[in-house]
Amino acid sequence: MSEPVTNTALAVLLTGASLASVIAGVDGDALLCAAAGATLFTISAKELPGWRRALYLIISLVVGYVGASEMVRLTPIKSTGAAAFLLSLLVVTVSLGLIERARTFDFAGLFKGGKQ
């Protein structure tokens, strides 16, 4: 069973995304697909506490929507909706993986280089 905080955040997010998509200048496809990707990620992250899932939901939505047009420009993907969905689905997982690698990375080894 999911936490009430997550359910409330999800309802607010989807309602806001639906309403914002009718405003001029808002890419409705990207916004709704970013919300879908963020929701799918949040639902699948059952091991995380509710407050963290709600925070990741917001981060995924924002990054998915904002980065969609850049992803369309840089990749063969031509739909902002598909780009937003993929970005919002993957951004938190990839970011957390990079943070973990940075924690264990040997920065001192970069400066020692070939010196004996």
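Remember, it's a predicted structure, so these values are computed and weren't measured experimentally.

Caption draft 1: Quick look at the overall build of the protein chain. Assigned secondary structure in the protein chain consists of five helices and zero strands. The order of helices and strands in the protein chain, counted from the N terminus, is α-α-α-α-α. By residue count, 28% of the 116 residues in the protein chain fall in the buried class. Across the protein chain, contacts joining residues at least 24 apart in sequence account for 61% of those joining residues at least 6 apart. Working note: accessible area of the protein chain is about 7600 Å², and carbon and sulfur atoms make up 71% of it.

Caption draft 2: Region of interest: the pattern of salt bridges. Taken as a whole, this structure holds two salt bridges when the rule is applied. Linking Arg 73 and Glu 70 is a salt bridge whose minimum nitrogen-to-oxygen distance equals 2.5 Å. Here Arg 73 and its partner Glu 70 are both found in helix H3 (residues 50-74), three residues apart, which amounts to about one turn of the helix. Among the salt bridges present, the one from Arg 103 reaches Glu 100, with a minimum N-O distance of 2.6 Å. Note that Arg 103 and Glu 100 are positioned in helix H4 (residues 80-104) at a spacing of three residues, about one turn of the helix. Judged by relative accessible area, Glu 100 falls into the partly exposed class, the value being 43%.

Caption draft 3: Quick peek at a nonpolar patch on the surface. A contiguous nonpolar patch, built from Trp 51, Leu 55, Ile 59 and Val 63 and spanning about 370 Å² of accessible area, is present on the exposed surface. Its location among the elements puts Leu 55 in helix H3. Leu 55 sits in the partly exposed class, given a relative accessible area of 42%.

Caption draft 4: Examining helix H2 (residues 28-44) more closely. End to end, H2 covers 24 Å across 17 residues, agreeing with the expected 24 Å (1.5 Å per residue, within 8%). Within the span of H2, buried status applies to Gly 28, Ala 30, Leu 31, Ala 34, Ala 35, Gly 37, Ala 38, Thr 39, Phe 41 and Thr 42. At the N-terminal end of H2, a side-chain oxygen is found 3.3 Å from the backbone nitrogen of Asp 29, two or three residues along, and the residue is Asp 27.

What counts, and at which threshold
- Along each chain, numbering runs from 1 in the same order as the chain's sequence is written.
- Note on the predicted model: pLDDT of at least 70 is required for a residue's local features to be given, and 80 or more for side-chain atom pairs to be given and counted; whole-chain, interface and lining totals, by contrast, use all residues.
- Processing note: side-chain calculations cover all non-hydrogen atoms of the structure and skip hydrogens and water entirely.
- Where helices and strands are cited, they refer to DSSP runs of H or I of at least four residues and of E of at least two residues respectively, numbered from the N terminus.
- Only protein chains enter the accessibility calculation, which uses a 1.4 Å probe; a residue whose area is less than 20% of its type maximum is buried, one above 50% is exposed, and one in between is partly exposed.
- For this analysis, residues touch if any pair of their heavy atoms sits within 4.5 Å.
- Accessible surface area values rest on a Shrake-Rupley calculation with a 1.4 Å probe, where residue burial reflects the displayed protein chains alone.
- The term salt bridge refers to a pairing of a side-chain nitrogen on Lys or Arg with a carboxyl oxygen on Asp or Glu at a separation within 4 Å.
- Patch membership needs two things, relative accessible area over 30% and no salt bridge, and members are linked within 9 Å if like-charged or within 5 Å if nonpolar (Val, Leu, Ile, Met, Phe, Trp, Tyr).
- The span you would expect from a helix comes to 1.5 Å times its residue count less one.
- The definition of a polar contact used here is a pair of N or O atoms within 3.5 Å, where within protein one atom must be able to donate a hydrogen and the other to accept one, and adjacent residues in sequence count solely through side-chain atom pairs.

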